[in-house]
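Each chain, letter by letter, is given below.
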Amino acid sequence: MTNEEIVRLVNKYFYSEKYTFPTHFEHRYDRDSSAILYSLIRNYRPTVCLGIGTWLGGSTCIIMTALQKNNDDFIYIASELEDDLREKTKNNVYEKCNQIPILINDITENLDIIPSNLDFLFIDTNHERKLAEWIVENIFPKLIKNALVAIHDFAI
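What you are looking at is a predicted structure, and each value in this text was computed from that prediction instead of being measured.

Reading the values: the criteria
- Residues numbered from 1 in each chain as written.
- Predicted model: local features only at pLDDT ≥ 70, side-chain atom pairs only at ≥ 80, totals over all residues.
- Heavy atoms only, no water.
- Buried < 20%, exposed > 50% of the residue type's maximum accessible area, 1.4 Å probe, protein only.
- Helix = DSSP H or I, 4+ residues; strand = E, 2+ residues; numbered from the N terminus.
- Pairing = 2+ DSSP bridges.
- Right-handed = clockwise from strand over helix to strand, strands pointing away.
- Contact = heavy atoms within 4.5 Å.
- Lys, Arg positive; Asp, Glu negative; His and termini not counted.
- Salt bridge = Lys/Arg side-chain N within 4 Å of Asp/Glu carboxyl O.
- Axes fitted to C-alpha atoms, helices over the stretch in contact; angles between N-to-C directions.
- Core = buried A, V, L, I, M, F, W, Y, C linked by side-chain atoms within 4.5 Å.
- Parallel < 35°, antiparallel > 145°, perpendicular 65-115°, else oblique.
- Left-handed = near helix turned anticlockwise from the far one by under 90°.
- Nonpolar A, V, L, I, M, F, W, Y, C, P; charged D, E, K, R; others polar.

> Got a minute to help me understand the pairing of strand E1 (residues 48–52) in this structure?
Within a regular beta strand, the side chains point alternately toward one face of the sheet and then the other, so they alternate between its two faces. A large share of E1 lies buried, amounting to five of its five residues. Here E1 shows no split at all, with Val48, Leu50 and Ile52 on one side and Cys49 and Gly51 on the other all buried. Note: E1 against strand E2 (residues 75–79), five bridges, orientation parallel. Its bridge partner lying in E2, Gly51 is registered against Ala78. Between the parallel elements E1 and E2, the chain passes through helix H3 (residues 58–70) in a crossover that is right-handed. Bridge count for E1 against strand E4 (residues 118–123) is four bridges, and the pairing is parallel.

Next comes the structure, spelled out in structure tokens:
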């Protein structure tokens, strides 16, 4: 997509729908990235979704809100290693969206519950090489052709 196409999508969805960020917890996903992620989900309308890494749930709120606005039946599984962060994500997302994704702990121990027809993948992990390789080897084969993939920051 060109920058102009992205700007059009952001204006059409994010700004016209007046997405509001939760203010009761730290939201670590910047406004521009949030606007683009929300708008891409609204436009492409994925229904089988996986998020890896939630922190406190800021990006999870964006994803869940966009999925709900699409008004489609959807599956959204989110993985977070740390129990306290998973619990905070649950509470924060429920407060914003009145619904939560299926929350699981270690993605590497839960591969069997990940659908084999993912059309959206959000990756925001600890950025360790071993996990990145595991995701490429085990999650990428579960993506359908033309799936939407978003990665929040990375390390090399």
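> Just checking my understanding: could you explain the pairing of E2 for this structure?
E2 sits mainly inside the fold: four of its five residues count as buried. Where E2 and strand E3 (residues 102–104) come together, three bridges link them in parallel fashion. Pairing of Ile77 across the sheet is with Ile102, part of E3.

> Sorry if this is basic, but what is going on with the side chain of Thr89 here?
By the secondary structure assignment, Thr89 is in helix H4 (residues 83–97). Residue class for Thr89 comes out buried when judged on its relative accessible area of 0%. Every residue in contact with Thr89, bar those within four places of it in the chain, is listed here: Thr54, Trp55, Leu56, Gly57, Thr60, Tyr94 and Leu103.

> What's the story with the side chain of Asp106 in this structure? I'm lost.
In this fold, Asp106 is placed in the loop between E3 and E4. Although Asp106 is buried, it makes no salt bridge; Arg86 carries the closest opposite charge, 9.1 Å away.

> Before we go on, may I ask you to explain the sheet that holds E4 in this structure?
Within a beta sheet, neighbouring strands are joined by backbone hydrogen bonds and run either parallel or antiparallel to one another. If you trace the five strands from one edge of the open sheet to the other, you get E3-E2-E1-E4-E5, paired in parallel fashion. At either end of the open sheet lies a strand with only one pairing partner, and these are E3 and strand E5 (143–151). In this sheet, adjacent strand axes meet at a mean angle of 20° when their direction is disregarded. Along the sheet, H3 makes contact with E1, E2 and E4, crossing E2 at roughly 175°.

> Looking at this structure, how should I read the nonpolar core?
Across soluble globular proteins, nonpolar side chains have a tendency to be buried as a group. By size, the foremost hydrophobic cluster in this structure holds 29 residues, and its most contacted members are Leu37, Tyr38, Ile41, Ile63, Tyr76, Phe120 and Phe122. Of all the elements in the fold, those that place two or more residues in this core are helix H1 (3–15), helix H2 (31–44), H3, E2, H4, E4 and E5. By residue number, the principal contributor to this core is H3, which donates six residues. Grouped together as the second largest cluster of nonpolar side chains are 15 residues, Val48, Leu50, Ile77 and Ile114 included.

> Can you walk me through the packing of H2 against H3 in this structure?
A pair of packed helices is captured by two measures, namely the crossing angle of their axes and the spacing between those axes. Running from amino to carboxyl end, H2 crosses H3 at an angle of 30°, the nearest separation of the two axes being 9 Å. Taken together, the axis directions place H2 and H3 in an arrangement best described as roughly parallel. As for the relative orientation of H2 and H3, their crossing is right-handed in sense. Residues Ser34, Leu37, Tyr38, Ile41 and Arg42 of H2 form the contact with H3, whose own contacting residues are Ile62, Ile63, Thr65, Ala66, Leu67, Lys69 and Asn70. When the residues that make up the contact of H2 with H3 are grouped by side-chain class, the tally is seven nonpolar, three polar and two charged.

> Could you clarify how one ought to interpret unusual backbone geometry in this entry?
Most peptide bonds take the trans configuration, and most residues that are not glycine carry a negative phi. Phi is positive for Asn98, which is not a glycine, with a value near 60°. Locating Asn98 in the fold gives a position in the loop between H4 and E3. Phi angles above zero are rare outside glycine, and His127 is one such case at about 70°. Checked against the element boundaries, His127 lands in the loop between E4 and helix H5 (129–138). Looking at His127, the relative accessible area reads 28%, which means it is partly exposed.

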